[in-house]
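Survey of secondary and tertiary structure
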Amino acid sequence: MKNICLLGLIMIVSLMSCKEDDLHVPYGPNDNVPPGKVEILSYTPLAGGAEINFRGPADEDLMYVVAKYTLASGQEMESRASAYSNKLLVEGFGDTEPKEITFYAVDRMENAGETTKYTIQPLTPSYLEAYNTLETSETFGGIAVTMENPSASDLTVEIITTDSLNQWTTAQTNYTSAKNISITVRGYESVERVFGVIVRDRWDNSTDTVFTSVIPWEEYELDKNKFQQVILDNDIPMNAWGHWMAKIWNGSHNYGDGGDMAHSPQENSTMPIWFTFDLGVTAHLSRYLYWQRLDDDYLYQHGNMKEWEVWGRADKPSQDGSWDGWTLLTTCESYKPSGLPVGQFSNEDKEYATAGEEFMFPVDAPAVRYIRFKALSTFTGVAFIHLMEVTFYGIPVEN
């Protein structure tokens, strides 16, 4: 009896295994008749590709339509459209030469129909559109690169230069889908230097390298020993919870030392709020680094600023806090690489924030001595702020 039961159990398990395997193959009877041909009606050329309008065969068991093509790199590409669609997209071409696409229909039993060949001519790919508008110029400590990306395509911009051994090396790589691309590479002495710029798309189509020689403008880190707090009548105090403003220029911004910061009061505040300080010198500012409160319980949350403005002026401000005479230097938004919800963060988020977020000032911004941070929002929507450190760079023009 036991042997009979055991045999029955083995048969059931075997049948279940077969049934599971059947899930991976088409279900139902196979008529062994492939679907008819795909008819191409028209196409709309796109940057580096095309949208194809087609008519699929009338077979009742039609499953999908396939377009196959090969990129210049040799990569085989495939695009599919369901039986309920009459359009599909082909993309990834690196030039505007005519391209032959192969189409065929597939039924529910994976029978493939007869192929149809069709030639399309794509528009200029996005990476070349950007490349054709590329401009370079010298800037503080390096080179500035701008270009247009009207289709907001995903692009990679690599900037190269020579190292101490005169070997070409990557100075900076930027991944962007911005329509107006603006990149700066800094940290170089004010001596002639050659940079190269390469633009790629996500299919690894790549431009030639554009080489340019520039003499970077001199740039210095401003002396924090000269910074001083300024308290105007309508400023928010940054001295809550036993902290004070001078902590944001004491050089401390280690992760986990979130208590070494400036902090505004948590009561009786509504956004926007602002505070003021004196750089101790009038300077043409090039950029600044900002460190939010760096602690697991506060990173990209609590009172860490999400959006804010930086204002400046050269002359001493009015004690009443009037905004007359102040110039908006730049608008900033704290970047969270992972995009995770508030309260969650990745190692990349932590590393990015710990390195300090960098914000650039426009090249034509006026020389200033007094700085005003105007907080517009925080990551959690609270109406108070805290920050650990700021570091400013530029060229002093007056002591």
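Anyway, here's the lowdown on the structure attached to this text. (Residues numbered from 1 in each chain as written. Predicted model: local features only at pLDDT ≥ 70, side-chain atom pairs only at ≥ 80, totals over all residues. Heavy atoms only, no water.)

What follows covers the overall build of the protein. A tally of regular secondary structure across the protein gives three helices and 24 strands. For 399 residues, the compact-globule estimate of 2.2 N^0.38 gives 21 Å, and the protein exceeds it by more than 25% at 30 Å. Along the first, second and third principal axes, the C-alpha atoms of the protein reach 90 × 70 × 45 Å. Burial status across the protein gives 44% buried among its 399 residues. Across the protein, every contact between residues at least 6 apart in sequence was considered, and the portion connecting residues at least 24 apart equals 70%. Computed over 28 positive and 57 negative side-chain charges, the inter-centroid distance for the protein is 3 Å. (Helix = DSSP H or I, 4+ residues; strand = E, 2+ residues; numbered from the N terminus. Rg over C-alpha atoms; globule rule 2.2 N^0.38 Å. Buried < 20%, exposed > 50% of the residue type's maximum accessible area, 1.4 Å probe, protein only. Contact = heavy atoms within 4.5 Å. Lys, Arg positive; Asp, Glu negative; His and termini not counted. Charge placed at Lys NZ, Arg CZ, Asp CG, Glu CD.)

The strands making up a sheet associate through backbone hydrogen bonding, with each pair oriented either parallel or antiparallel. Strand order in this open sheet of three strands is β8-β9-β12, and the pairing throughout is antiparallel. The outermost strands of the open sheet, each flanked by one partner alone, are β8 (135-139) and β12 (180-185). In this sheet, neighbouring strand axes are inclined to one another by 20° on average, regardless of whether the strands run parallel or antiparallel. Where β8 and strand β9 (residues 142-148) come together, five bridges link them in antiparallel fashion. Residue pairing across strands places S137 opposite A144, the latter belonging to β9. (Pairing = 2+ DSSP bridges. Axes fitted to C-alpha atoms, helices over the stretch in contact; angles between N-to-C directions.)

Glancing now at the side chain of T184. As for its position among the elements, T184 is in strand β12. Residue classification places T184 among the buried residues on the basis of a relative accessible area of 17%. Apart from residues lying up to four places away in sequence, T184 is in contact with T139, I143, A144, Q172 and M360.

Quick look at the pattern of salt bridges now. All chains considered together, the criterion is met by 13 salt bridges. The closest approach of N and O atoms between R202 and E91, which form a salt bridge, is 3.6 Å. Here E91 lies in strand β5 (residues 87-91) and R202 lies in the loop between β13 (193-201) and β14 (210-214), a separation of 111 residues in the sequence. Note on E91: relative accessible area 27%, which makes it partly exposed. Taking the shortest distance from any N to any O, the salt bridge between E358 and R287 comes out at 2.6 Å. With E358 in strand β21 (residues 357-360) and R287 in strand β18 (residues 273-291), the pair connects residues that are 71 residues apart, well separated along the chain. On the basis of relative accessibility, which here comes to 35%, the residue E358 falls in the partly exposed class. Linked by salt bridges that have partners in common, K68, E78 and R80 make up one network. (Salt bridge = Lys/Arg side-chain N within 4 Å of Asp/Glu carboxyl O.)

Quick look at the packing of aromatic side chains now. Geometry of an aromatic ring pair is reported as the spacing of the ring centres plus the angle between the planes. This structure, assessed with the given rule, holds 25 aromatic pairs. For the pair F277 and F392, a centre-to-centre distance of 6.0 Å together with 70° between the ring planes defines the contact as edge-to-face. Here F277 is found in strand β18, whereas its partner F392 is found in strand β24 (residues 389-398), with 115 residues between them in sequence. Between Y335 and Y352, the aromatic rings sit 5.4 Å apart at their centres with planes inclined by 80°, giving edge-to-face as the arrangement. Pair noted here: Y335 is in the loop between β20 (327-333) and α3 (347-355) and Y352 is in helix α3, with a separation of 17 residues, a long-range link. Judged by relative accessible area, which is 32%, Y352 ranks as partly exposed. Members of the aromatic cluster, connected to one another through ring pairs, are F227, W249, F275, F277, Y288, Y290, W308, F359, F361, F373 and F392. (Phe/Tyr/Trp six-rings, centres within 6.5 Å; stacked < 30°, edge-to-face > 60°.)

The next point concerns the nonpolar core. Nonpolar side chains in soluble globular proteins generally cluster together in the buried interior. If you look at the biggest cluster of nonpolar residues, it comprises 33 residues, and the most contacted ones within it are F275, F277, L285, Y288, I371, F373 and F392. Put simply, the parts of the chain that give this core at least two residues each are β18, β19 (305-313), β20, β22 (368-378) and β24. Considering each element in turn, this core owes the most residues, nine residues, to β18. Listed in part, the 20 residues of the second largest apolar core include L62, V65, M77 and I120. (Core = buried A, V, L, I, M, F, W, Y, C linked by side-chain atoms within 4.5 Å.)

Okay, unusual backbone geometry next. Cis geometry is adopted by the peptide bond preceding P272, which originates at M271 and carries an omega value of 0°. Examined against the element boundaries, P272 turns out to sit in the loop between β17 (262-263) and β18. Not every positive phi belongs to a glycine, and A152 is a case in point at roughly 55°. As for its placement among the helices and strands, A152 is situated in the loop between β9 and β10 (155-162). By relative accessible area, which is 31% here, A152 ends up partly exposed. Of note in this structure, N166 is not a glycine but carries a positive phi near 65°.

Of the strand pairs in this sheet, strand β3 (residues 62-70) and strand β6 (residues 99-107) are connected by six bridges, and their pairing is antiparallel. Across the sheet, the residue bridging to L62 is D107, located in β6. As paired elements, β3 and strand β4 (residues 76-82) share seven bridges and run antiparallel to each other. Bridging across to β4, V65 finds its partner in A81. The turn linking β3 back onto β4 is made up of five residues, and G74 within it adopts a positive phi angle of 95°.

What follows deals with the side chain of R186. One can find R186 in the loop between β12 and β13. No salt bridge is formed by the buried R186; the nearest opposite charge belongs to E219, separated by 4.0 Å.

Read these as geometric descriptors, not functional statements.
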